[in-house]
Amino acid sequence: MLPRSYYTEQDIRKRQIDTLKIFNDNVTEIVENTEYKVDFSANGHNLNLTVLLNPEFPNEKPNIFVSPVFPHPWLAENSNQVIGAPGLVNYSPHSDLGRVVQVIIREFQRSAPNLYGHEDKSTDTSPMSHYSNQSMMFPELNELSIEELQEIIENPDLQDKLLETNPQLIELDLETEELMASIEQIAQDNINKQQMLDDLKTQVLDRISTIVQMKMSYERLNRQHQKLSEIYDPHRIRECLKEAALKADEDAEGIAEQFLLGNIPIETFISQFAEKRALGQARRAREERLTHQLAQLDKATI
């Protein structure tokens with residue numbers, strides 16, 4: 001059997017309750033983690049089992065009651081409590097609550113024809129009937145003497161050996177191992193999906209970071225574009241040409257004044273004055289041509 005040391009008592013209790021819901025239909029929770037009702041039908045009759053889990057469960061066996069009450073060897077004398085079911089008689093913390101209840105329901109459904117009939121061998125509640133039940137569960141006991149049986153009762157090691165070699169319990173252990181393996185596989189799948197979810201989350205955060213960087217770059221380039229648009233705006237260029245033409249004319253007048261004052265020779269005057277006048281005229285001509293083009297563009301857009 002698989003080790004359960006890594007499970008807490010609460011985990012084991014919850015797993016036991018889960019098996020009750022897995023292996024049985026119509027399970028109703030009356031008191032959370034404590035009381036459950038399981039409805040079932042038998043030969044046209046509606047019955048139910050009440051399953052009570054004490055605080056020490058699953059280290060101690062559950063208390064199970066059937067309603068309505070009827071004669072059956074598994075029931076306590078003058079009571080509706082189920083005590084003779086093999087799953088309860090041989091109960092251990094490794095038993096599956098769901099399978100124990102499932103076997104009880106199947107037994108009651110099988111014996112349904114005698115539920116409300118006269119007493120016969122099937123409704124015998126004598127101690128011998130309980131012994132017969134146990135001998136069916138452990139046929140090897142039939143071959144033992146009273147002294148050997150008494151030794152088994154007094155020796156826990158012999159009891160454990162008897163339980164470990166019982167085919168039904170071995171099969172129950174195998175089924176329990178399969179169920180636990182299935183649960184562990186589901187848990188591992190969930191862990192793997194969580195890792196995949198974390199990876200996707202990381203990818204999303206990386207893309208958001210990339211988008212933020214792209215937005216910042218766009219805003220920076222947009223500011224540069226706006227600045228360059230202002231610099232190279234045709235109207236702005238026209239104003240600059242106008243100012244530059246005026247500046248060239250002022251420079252030419254300044255050179256003329258310096259010549260009249262005798263501060264520069266005639267050769268220098270002629271050269272610099274002609275250069276400034278030509279530059280001013282060229283800039284003014286470009287301004288006039290751009291002004292004409294802008295006027296035509298404004299007319300075209302009206």
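As the structure is a prediction and not an experimental result, all values here were calculated from the model.

### Focus: the confidence of the model for the chain
Do not read the predicted coordinates in detail wherever pLDDT is low. On average, residues of the chain score 83 in pLDDT, and 87% of them reach the 70 mark or higher. Confidence drops under pLDDT 50 across residues 1-5; counting only partners more than four residues distant or on other chains, this segment forms 11 contacts.

### Quick look at the nonpolar core
If you look at the biggest cluster of nonpolar residues, it comprises 26 residues, and the most contacted ones within it are Leu 49, Ile 64, Val 82, Val 101, Ile 104 and Phe 108. Among the secondary structure elements, those contributing two or more residues to this core are α1 (9-23), β2 (35-42), β3 (45-52), β4 (63-67) and α3 (97-110). Ranked by residues supplied to this core, first place goes to α3 with 6 residues. Every residue in contact with Ile 64, bar those within four places of it in the chain, is listed here: Leu 49, Thr 50, Val 51, Asn 80, Gln 81, Val 82, Leu 88, Val 100, Val 101 and Ile 104.

### What to know about the packing of aromatic side chains
With the rule as written, the count across this model stands at 5 aromatic pairs. Ring geometry for Trp 74 against Phe 108: centres 6.4 Å apart, planes inclined by 50°, an arrangement best described as tilted. Within this pair, whereas Trp 74 is found in the loop between β4 and β5 (81-82), its partner Phe 108 is found in helix α3, the two being separated by 34 residues in sequence. Taking relative accessible area as the criterion, Trp 74 reaches 7% and is therefore assigned buried. On the basis of relative accessibility, which here comes to 0%, the residue Phe 108 falls in the buried class. Ring-pair connections join several aromatic residues into one group, and the members of that group are Phe 70, Trp 74 and Phe 108.

### Considering unusual backbone geometry
Of note, the amide linkage connecting Phe 57 to Pro 58 takes the cis form, showing an omega dihedral of 10°. Summarising the element assignment, Pro 58 is placed in the loop between β3 and β4. Of note, the amide linkage connecting Ser 67 to Pro 68 takes the cis form, showing an omega dihedral of 0°. Positionally, Pro 68 belongs in the loop between β4 and β5. Of note, the phi angle at Asn 43 is positive, near 55°, even though the residue is not glycine. Looking at where Asn 43 falls in the secondary structure, it is placed in the loop between β2 and β3. Residue Asn 43 is classed as exposed on the basis of its relative accessible area, which comes to 55%.

### Considerations on a nonpolar patch on the surface
Taken together, the side chains of Val 204, Leu 205, Ile 208, Val 212 and Met 216 present a nonpolar region at the surface, about 460 Å² in accessible area. Looking at the element boundaries, Leu 205 is found in helix α7 (residues 167-231).

### A look at the packing of helix α8 (residues 234-260) against helix α9 (residues 266-301)
With their axes 8 Å apart at the nearest point, α8 and α9 run at an angle of 160° to one another. One way to sum up the angle between α8 and α9 is to call them roughly antiparallel. In the packing of α8 onto α9, the handedness of the crossing is left-handed. Classifying every residue of the contact of α8 with α9 gives 16 nonpolar, 4 polar and 10 charged.

### Observations regarding the side chain of Gln 16
Examined against the element boundaries, Gln 16 turns out to sit in helix α1. If we skip the residues at most four places from it in the chain, Gln 16 touches Phe 57, Pro 58, Pro 93, Ser 95, Asp 96, Leu 97 and Gly 98.

### Observations regarding α7
With 65 residues, α7 should reach 96 Å at 1.5 Å per residue; the first-to-last C-alpha distance of 95 Å fits that figure. By the burial criterion, the buried members of α7 are Leu 169, Thr 176, Leu 179 and Met 180.

### Overview of the sheet that holds strand β1 (residues 27-31)
Ordered in space as β1-β2-β3-β4-β5, the 5 strands form an open sheet in which the pairing is antiparallel. In this open sheet, the two strands that pair with only one neighbour each are β1 and β5. Here α1 sits on the sheet in contact with β1 and β2, set at roughly 20° to β2. The sheet strands contacting α3 are β2, β3, β4 and β5, and the helix crosses β2 at an angle near 30°.

### Focus: the pairing of β1
In this structure, β1 lies alongside β2, joined through 4 bridges in antiparallel fashion. Its bridge partner lying in β2, Val 31 is registered against Glu 35. Hairpin connection of β1 to β2: 3 residues between the antiparallel strands, including Asn 33 at a positive phi of 65°.

### Here's the deal with the packing of α1 against α3
Put simply, α1 and α3 touch, their axes get as near as 6 Å, and they point 40° apart. Looking at the two axes, α1 sits oblique to α3. Where α1 approaches α3, its residues Gln 16, Thr 19, Leu 20 and Phe 23 are matched on the opposing element by Leu 97, Gly 98, Arg 99, Val 101 and Gln 102. Residues that form the contact of α1 with α3 fall into these classes: 4 nonpolar, 4 polar and 1 charged.

### Digging into the pattern of salt bridges
Using the criterion set out here, one finds 8 salt bridges in the structure. A salt bridge links Arg 99 to Glu 175; the nearest nitrogen and oxygen atoms lie 2.9 Å apart. In this pair, Arg 99 sits in helix α3 while Glu 175 sits in helix α7, placing the two residues 76 residues apart along the sequence. Exposure remark for Arg 99: the relative accessible area of 18% places this residue in the buried category. Between Asp 251 and Lys 276 there is a salt bridge; the shortest N-O distance is 3.6 Å. Taken as a pair, Asp 251 in helix α8 and Lys 276 in helix α9 lie far apart in primary sequence, 25 residues in all. Taken together, the salt bridges that share partners define one network made up of Lys 247, Asp 251 and Lys 276.

Rules and cut-offs
- Residues numbered from 1 in each chain as written.
- Predicted model: local features only at pLDDT ≥ 70, side-chain atom pairs only at ≥ 80, totals over all residues.
- Heavy atoms only, no water.
- pLDDT = per-residue confidence, 0-100.
- Contact = heavy atoms within 4.5 Å.
- Core = buried A, V, L, I, M, F, W, Y, C linked by side-chain atoms within 4.5 Å.
- Buried < 20%, exposed > 50% of the residue type's maximum accessible area, 1.4 Å probe, protein only.
- Helix = DSSP H or I, 4+ residues; strand = E, 2+ residues; numbered from the N terminus.
- Phe/Tyr/Trp six-rings, centres within 6.5 Å; stacked < 30°, edge-to-face > 60°.
- Patch = residues over 30% accessible without salt bridge, like charges linked within 9 Å, V, L, I, M, F, W, Y side chains within 5 Å.
- Areas by Shrake-Rupley, 256 points an atom, 1.4 Å probe, with all protein chains shown as cover.
- Salt bridge = Lys/Arg side-chain N within 4 Å of Asp/Glu carboxyl O.
- Axes fitted to C-alpha atoms, helices over the stretch in contact; angles between N-to-C directions.
- Parallel < 35°, antiparallel > 145°, perpendicular 65-115°, else oblique.
- Left-handed = near helix turned anticlockwise from the far one by under 90°.
- Nonpolar A, V, L, I, M, F, W, Y, C, P; charged D, E, K, R; others polar.
- Expected span 1.5 Å × (residues − 1).
- Pairing = 2+ DSSP bridges.

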